[in-house]
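Structural characterization, general
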Amino acid sequence: MIFSCVVGLYGISGSGKSHCLASLKQQHREWRCIEGSEMILQVMRENGDGDDLEDFKRLDLSSQAKLRSAAVQRIRELKGVTVVAGHFSFPVVSASGDVSFDNVFSDEDRETYDMILYLDVSPQTIHDQRAADTLSGSRLRDTLTVGVLQKWLDHEKSSLPRHCRSFNLLNQSDDAGQFLSELLEPRIDTCRLQTRSALRAAVQKVPAADVFLLIDGDKTITPQDTGRLFFDHMQRCKELYIGSDPLQDIFTRFAGYPFRPFIEVAMLYSSVMSVADYQAFASEVGSKQVMFHKDWVEFLQRLPPFVRPILVSSSIRETWQAALMSHDLADSMSVIAGNHLELHDYVVDPSAKAIVVEELRRLHRGCLVMAFGDSTLDVPMLQAADRGYVVVDPKHHSSSMQCFINDCVAGDCRRLYQMGLPADNDSIAYHNGLKVGNLTSLLDDLATRKIHSITHFTDDSFAKILATNSRRADFQGPQLQSVHVQIGRYLTAKLLQIAPSLTESCRFRHVQQGDFLGVKTAGKRIAIVALMRGGEPMARGVFECFPDAQFIHYAGLDLPSQALSAEQIIVVDSVVNKGGTIRNFLAAISQTTSAPQVYVLTSVIQEVAASDLPKEYPRVRFLALRVSSNQYTGTGNTDTGNRLFGTI
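To keep things clear, this report deals only with the structure shown in the data block. (Residues numbered from 1 in each chain as written. Predicted model: local features only at pLDDT ≥ 70, side-chain atom pairs only at ≥ 80, totals over all residues. Heavy atoms only, no water.)

Thoughts on the overall build of the protein
The helix and strand inventory of the protein stands at 25 helices and 22 strands. In terms of its C-alpha atoms, the protein occupies a principal-axis envelope of roughly 120 × 60 × 45 Å. Out of the 648 residues in the protein, the part that is buried amounts to 51%. Of the contacts made within the protein by residues no fewer than 6 positions apart, 70% connect residues no fewer than 24 positions apart. Working note: accessible area of the protein is about 29,700 Å², and carbon and sulfur atoms make up 50% of it. (Helix = DSSP H or I, 4+ residues; strand = E, 2+ residues; numbered from the N terminus. Buried < 20%, exposed > 50% of the residue type's maximum accessible area, 1.4 Å probe, protein only. Contact = heavy atoms within 4.5 Å. Areas by Shrake-Rupley, 256 points an atom, 1.4 Å probe, with all protein chains shown as cover.)

Considerations on the side chain of His 484
Its location among the elements puts His 484 in helix α20 (residues 477–498). Relative accessible area serves as the criterion here: at 3%, His 484 is assigned to the buried category.

Details of the nonpolar core
By size, the foremost hydrophobic cluster in this structure holds 74 residues, and its most contacted members are Trp 31, Val 83, Phe 230 and Tyr 269. No other element matches the nine residues that helix α11 (residues 259–272) contributes to this core. (Core = buried A, V, L, I, M, F, W, Y, C linked by side-chain atoms within 4.5 Å.)

Some details on the sheet that holds strand β9 (residues 307–313)
Paired through backbone hydrogen bonds, the strands of a sheet run either parallel or antiparallel to each other. Reading across from one edge, β10-β9-β8-β11-β12-β13-β14 is the order of the seven strands in this open sheet, with parallel pairing throughout. Of all the strands in the sheet, the pair left with one neighbour each is β10 (334–337) and β14 (435–436). Strands in contact with helix α15 (residues 350–363) are β8 (211–215), β9, β10 and β11 (368–373); relative to β8, the strand with the most contacts, it is inclined by about 170°. (Pairing = 2+ DSSP bridges. Axes fitted to C-alpha atoms, helices over the stretch in contact; angles between N-to-C directions.)

Focus: the packing of aromatic side chains
We describe a pair of aromatic rings using the distance from one ring centre to the other and the angle between the two ring planes. A full pass over the atoms with the stated rule returns 23 aromatic pairs. Their ring planes at 90° and their centres at 5.8 Å tell us that Phe 457 and Tyr 490 sit as a pair that is edge-to-face. A residue pair is termed long-range when its members are at least 10 positions apart, and Phe 457 in the loop between β15 (455–456) and α19 (461–471) and Tyr 490 in helix α20 qualify at 33 residues. As far as burial versus exposure is concerned, Phe 457 and Tyr 490 are alike and both buried. An aromatic cluster of three or more residues is present, and its members are Phe 230, Phe 231, Tyr 269, Tyr 278 and Phe 281. Note that Arg 449 overlies the ring of Phe 306, its terminal NZ or CZ placed 3.8 Å from the centroid. (Phe/Tyr/Trp six-rings, centres within 6.5 Å; stacked < 30°, edge-to-face > 60°. Lys NZ or Arg CZ within 6 Å of the ring centre and 35° of its normal.)

A short note on unusual backbone geometry
Omega for the bond connecting Leu 421 with Pro 422 falls within 30 degrees of zero, at -10°, which places this linkage in the cis form. Tracing the backbone through its elements, the reader meets Pro 422 in the loop between β13 (416–420) and β14. In this structure, Asp 328 is a non-glycine residue whose phi angle is positive, near 60°. Overall, the relative accessible area of 64% leaves Asp 328 in the exposed class. We note that Arg 449 has phi near 60°; this positive angle belongs to a residue other than glycine.

Considerations on the environment of Glu 359
As for its position among the elements, Glu 359 is in helix α15. For Glu 359 and Leu 199, which are 160 residues apart along the polypeptide, the C-alpha to C-alpha distance reads 9.4 Å. Beyond its immediate sequence surroundings of up to four residues, Glu 359 is in contact with Arg 200, Val 203 and Gln 204.

Structure representation (structure tokens):
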């Protein structure tokens, strides 16, 4: 993952660098906080040049410079946020009392440090702190007057800004952690954009399928919290205590679940252990401690070949890979997870889970995406999917997750189900107003392709009004065409709820001045195809909602050339009886190399066609105002085309 920021913590001796560094280390365990002198001594000991600071001082200037250079090189290679306490200069007081300064800040330092935090403390305070250190015996300090300290401070504050990329004064009253956290925000945002590209690249490696199942990890596929398992295991093996719940310590600093805490968790994993230890602990936890719900294992092992399950998790990728292997699912299930700076190219936050849905739809036009999750982190994925399953916790739900469920119940919740695990758990309290699903019935639907069904609005109140008007004998010609235009608009509104790719963001001028980012229907590369003359009025209603699209008539002959260049095609037919015309069009489209996403909109479709067409064309989305059991085919004055255009 592309994120590295080296921060120099500077100030003259006695300004409180060590205290500030210790405070940062306590507040932010995910940051590496290093005394520059300790890094130099570490290199010196490894080289056999000495053991302590006195040994370093006895070395010649050339040897000292080489050790500093080696230490800086090590610091430069570290990932994440590294805070290094260092020295810019030292005072040299002559016998006559004249003061000069020996700058030890090198060109390598300048190239390594992305920013400098400089402790701006009054000389009197520094003088008092230095005297206290000497009296306590904690550190021997040279006796320097307040005047000399003032000159030293002035020298560094005027000289250091010319030798670094970013110079930031830190007052004694400032919260160093908060101050640095705000300075890091632009870099974090850049990292977010970079990781999004890497995430999309990872999704592109998932094998093609007609149906994708996006399954959350912790508390969904397993009742366990794998992050907690990992840290408990690590702390037992390394005898390194970094808190009872280090991940929670990070997340509580942020409201909601933005990208920032997820990248800081990745920093934590990188800073508290070596890559080798991380991989070993993750594999051990995944293979020996993680246990999937039995219901999930049986379900995943019996999936038909056109379905691809993907484990999408914010937790440790290597743990999930080992767990899948131990459950004999490694070959049949993909993993989208990442949270280590040196091993992974992306992290998975809530918006990343929604991006996975979006990217799968882009890559595999017409595919169905189902999502399974238990927490607020999964809400964007559940909302974006064609069908979402909330895995109900027998004990409790977070208040934010309950709000999401309440909103779904109050609105359009046809695409959302609730599911308890294990299925035979009688203690599960299901939510009123939300359909209950289970893996057994879903497996049956997948195996029979029942999952590929038409979306219809037969029982919707407004749809009933439109359907009534379309069948009234006293409605003909322009009056009936007007009803069909309304049906076209209505079905377009429903289509947009399940096909977000038909919309796009755009900046608009606001009525209160200024501009704002809004949403409009897309138009470029979209074709609206009216089948025969009967589909033309409904198609006009669709066209009103997509004014920038191409409007094409299809009479069942050659495929229109404009349709071949479209990325998305909305096919409109007033009535689908046996579906012959629709099949001819879809067969012609399937033989092209463009592979556009196709949607079919119709006022009424007969039951047999409503059942058969979605199974025959699983990548095509079918929407109907209503499904009819009436197998009558209109002729003469009952034919819809004749009624629409007065040719009775």
